[in-house]
Protein chains: 2
Amino acid sequence: MDTPQENADSITSLDWEKAAADPQYRAAVVDLLGALAYGELAAFERLAEDAKLAPTLDDKAALAAMASAEFHHFAQLRDRLAAVGAEPTEAMQPFAAALEEFHRQTAPSDWLEGLVKAYVGDAIASDFYREVAARLDTDTRALVLAVLDDTGHASFAVEKVRAAIEAEPRVGGRLALWARRLMGEALSQAQRVVADRDALSTMLVGGVAGGFDLAEVGRMFTRITEAHTKRMAALGLAA
Amino acid sequence: MDTPQENADSITSLDWEKAAADPQYRAAVVDLLGALAYGELAAFERLAEDAKLAPTLDDKAALAAMASAEFHHFAQLRDRLAAVGAEPTEAMQPFAAALEEFHRQTAPSDWLEGLVKAYVGDAIASDFYREVAARLDTDTRALVLAVLDDTGHASFAVEKVRAAIEAEPRVGGRLALWARRLMGEALSQAQRVVADRDALSTMLVGGVAGGFDLAEVGRMFTRITEAHTKRMAALGLAA
């Protein structure tokens, strides 16, 4: 992961206390933690909802486990917001519309679509967390990587989706379209957030003093999209 | 809590290894753990669903926390089933119909009904766990009490419901009716389970060699109903 501007490099060697002395950096991190926290809470809700589509009790339990893991991530992020003196609800609220809209636009119509969504969502979130972590102070980075660390349920989804495509190859075409729609909707909501939240966006593209560089945001989205495409191919889905 | 028959007293002083030498006792405990496990998984699903009705993000997070706690109870019970050599899904399946029917009959129509249901459900479950724990071998009792131990979210619901009734007293009448319906539906599904599952029911009424005593099951239900009535009165709801 490259940190394209000088200022980002200096932030990444500071701890939270020192980095947060810059009020613009502080605001950007509160924004980031708010966005991630709402994202985890929304993911909890949707996974719990998708668990209802499970064909077996084991499958239901597996999706419920994922949902519960997302809830614990949410709780860590919320507690961190409170610890740095931010009001968690206030920090999350600006991202509610984009995340709710994403989930409204991508409600799975069956179990396999739900699995692909859980897998794609988890993977995109991981990529994004990693991109962001490389731009953060040491304390916030540790939290973001910790929250990222135990989303290890992807292999369950991969295994089930592969088996379904093997059993009925035409399922693959439908799911490939679905994965493309998920990625498109995710990018469109992310662009909405980027346009709305200056401090966050400026940090994402390399340090608050570096100024806002739309091209760098575009490059980040491109990297995440490329990783998504590779994953879909590995899953037997032409993205 | 009295254990009405001699045989129950002797089971309660044995560990699982010794108690499970009696195949009828073993079958009863597998039934019990299966019923509790499915109950927790269903509770997870419903609380996660009810979280959608939450008027604020804080409320949503509180219900999601309850749901996540239920999932962890489920995981403990499922792991215990596996540890004693039972197939968890098989053990849970016989109770799916009764629990799903309970939740279908008692889908809350708004946030306050959801809270009352979470509170009433949690409390009835606790009472039942305690009644049952008094009849179990030492190892199974420790598990059941541990699972019972951290359902400590009731005070959240109590506080919110009290505040709502204070703000608008006529809400109390509607919620009192609702609580009565919840209890009635719970009893009716419990009776269905009692009628279906001989080994479990026999254990519940005092030891596998003690024979099946419908009157004792009735007394247990009466004790649970009385405790429910007292709780509803304390909440400002005439049950």
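Just above sits the structure.
Heads up: these notes are all about the structure in this document. (Residues numbered from 1 in each chain as written. Chains lettered and ligands numbered in written order. Predicted model: local features only at pLDDT ≥ 70, side-chain atom pairs only at ≥ 80, totals over all residues. Heavy atoms only, no water.)

Attention now moves to the environment of methionine 203 of chain B. Residue and element names in this part refer to chain B. Inspection of the secondary structure assignment puts methionine 203 in helix α11 (residues 198-204). Along the primary structure methionine 203 and tyrosine 25 are separated by 178 residues, whereas in three dimensions their C-alpha atoms are 7.2 Å apart. Filtering out sequence-adjacent residues up to four positions away, methionine 203 remains in contact with Tyr25, Ala28, Val29, Leu32, Arg135 and Leu136. (Helix = DSSP H or I, 4+ residues; strand = E, 2+ residues; numbered from the N terminus. Contact = heavy atoms within 4.5 Å.)

Applying the stated criterion across every chain yields a total of seven aromatic pairs over all chains. Aromatic pair phenylalanine 44 of chain A and phenylalanine 44 of chain B: ring centres 6.2 Å apart, planes at 90°, arrangement edge-to-face. Remark: phenylalanine 44 of chain B occurs in helix α3 (residues 23-50) and phenylalanine 44 of chain A occurs in helix α3 (residues 23-50); the pair is interchain, linking two chains. One exposure class covers both phenylalanine 44 of chain A and phenylalanine 44 of chain B, and it is buried. (Phe/Tyr/Trp six-rings, centres within 6.5 Å; stacked < 30°, edge-to-face > 60°. Buried < 20%, exposed > 50% of the residue type's maximum accessible area, 1.4 Å probe, protein only.)

Now for the pattern of salt bridges. When their charged atoms lie close together, side chains carrying opposite charge are able to pair. Within this structure, the stated rule accounts for 24 salt bridges over all chains. Taken together, the shared-partner salt bridges connect Asp110, Glu113 and Arg174 of chain A into one network. (Salt bridge = Lys/Arg side-chain N within 4 Å of Asp/Glu carboxyl O.)

What follows covers the interface of chain B and chain A. Taken together, the contacts link 23 residues of chain B with 23 residues of chain A. Across the chain B to chain A interface the summed buried area is about 1900 Å²; carbon plus sulfur atoms make up 66%. A per-residue breakdown of the area chain B buries against chain A is headed by Phe44, Glu45 and Leu57 of chain B, which together make up 29% of the total. For the pair chain B and chain A, the interface holds four salt bridges. Among the salt bridges present, the one from glutamate 45 of chain A reaches lysine 60 of chain B, with a minimum N-O distance of 3.0 Å. Viewed at the interface, chain A and chain B are joined by 10 residue pairs in polar contact (both at pLDDT 80 or more). With 12 residues, helix α4 (residues 57-83) of chain B is the largest single contributor of residues to the side of chain B that touches chain A. Looking at the side of chain B that touches chain A, its residues break down into 13 nonpolar, four polar and six charged. (Buried area = accessible area lost by both parts, 1.4 Å probe. Polar contact = N/O pair within 3.5 Å; in protein donor to acceptor, adjacent residues only side chain to side chain. Nonpolar A, V, L, I, M, F, W, Y, C, P; charged D, E, K, R; others polar.)

So, about the relation of the copies chain B and chain A. Laying chain B over chain A is done by rotating through 180° and shifting 0.0 Å along the axis; what remains is an RMSD of 0.0 Å. Both copies of the chain, as the preceding transformation shows, are related through a two-fold rotation axis. It is serine 68 of chain B whose C-alpha, among those of chain B, lies nearest the rotation axis, at 2.6 Å. When the interface residues of chain B are mapped onto chain A, 100% of them again lie at the interface, so the same face is used by both copies. (Least-squares fit on C-alpha atoms with pLDDT ≥ 70 in both.)

A separate point is the packing of helix α7 (residues 111-133) of chain B against helix α9 (residues 154-167) of chain B. Residue and element names in this part refer to chain B. Direction vectors running N to C along α7 and α9 enclose 140°, while the axes themselves pass 9 Å from each other. For the element pair α7 / α9, the angle class is oblique. For the element pair α7 and α9, the recorded crossing hand is left-handed. In contact with Trp111, Leu112, Leu115, Val116 and Tyr119 of α7, α9 contributes Ala154, Phe156, Ala157, Val158, Lys160, Val161 and Ala164. Residues belonging to the contact of α7 with α9 are distributed by class as follows: 11 nonpolar, no polar and one charged. (Axes fitted to C-alpha atoms, helices over the stretch in contact; angles between N-to-C directions. Parallel < 35°, antiparallel > 145°, perpendicular 65-115°, else oblique. Left-handed = near helix turned anticlockwise from the far one by under 90°.)

Let us look at α4 of chain B. Residues and elements named next belong to chain B. Taking 1.5 Å as the rise per residue, α4 with 27 residues should run 39 Å; its terminal C-alpha atoms sit 39 Å apart, in good agreement. By the criterion of burial, α4 is predominantly enclosed, with 19 of the 27 residues buried. Taken from the residues just after α4, glycine 85 is the one with a positive phi, measuring 85°. (Expected span 1.5 Å × (residues − 1).)

A few words now on the environment of tryptophan 16 of chain B. All names here are of chain B. Along the chain, the position of tryptophan 16 falls in helix α2 (residues 16-19). Take tryptophan 16: its relative accessible area is 10%, and that puts it in the buried class. Along the sequence, tryptophan 16 and valine 29 sit 13 residues apart, while their C-alpha atoms lie 9.8 Å from each other. Beyond its immediate stretch of four places on either side in the chain, tryptophan 16 contacts Tyr25, Arg26, Val29, Arg80, Val84, Asp137, Asp139 and Thr140.

In this section: α9 of chain B. Residue and element names in this part refer to chain B. Counted at 1.5 Å a residue, the expected span for α9 with its 14 residues is 20 Å, and the 20 Å between its end C-alpha atoms agrees. For α9, the complete set of buried residues consists of Ala157, Val158, Val161, Ala164 and Ile165. One face of α9 carries all of its buried residues, which in axial projection span an arc of 135°. Residues Ser155, Glu159, Glu166 and Ala167 are exposed on α9 and point more than 90 degrees away from its buried face. Check the buried side of α9 and you find it contacts α7 and α10 (170-196). (Arc of directions from axis to C-beta.)

It is worth spelling out the side chain of threonine 12 of chain B at this point. Residues and elements named next belong to chain B. Considering the arrangement of structural elements, one finds threonine 12 in the loop between α1 (6-11) and α2. For threonine 12, a relative accessible area of 17% gives the class buried. With near-sequence residues (within four places) excluded, threonine 12 lies in contact with Ala134, Arg135, Leu136, Asp137, Thr138 and Arg141.

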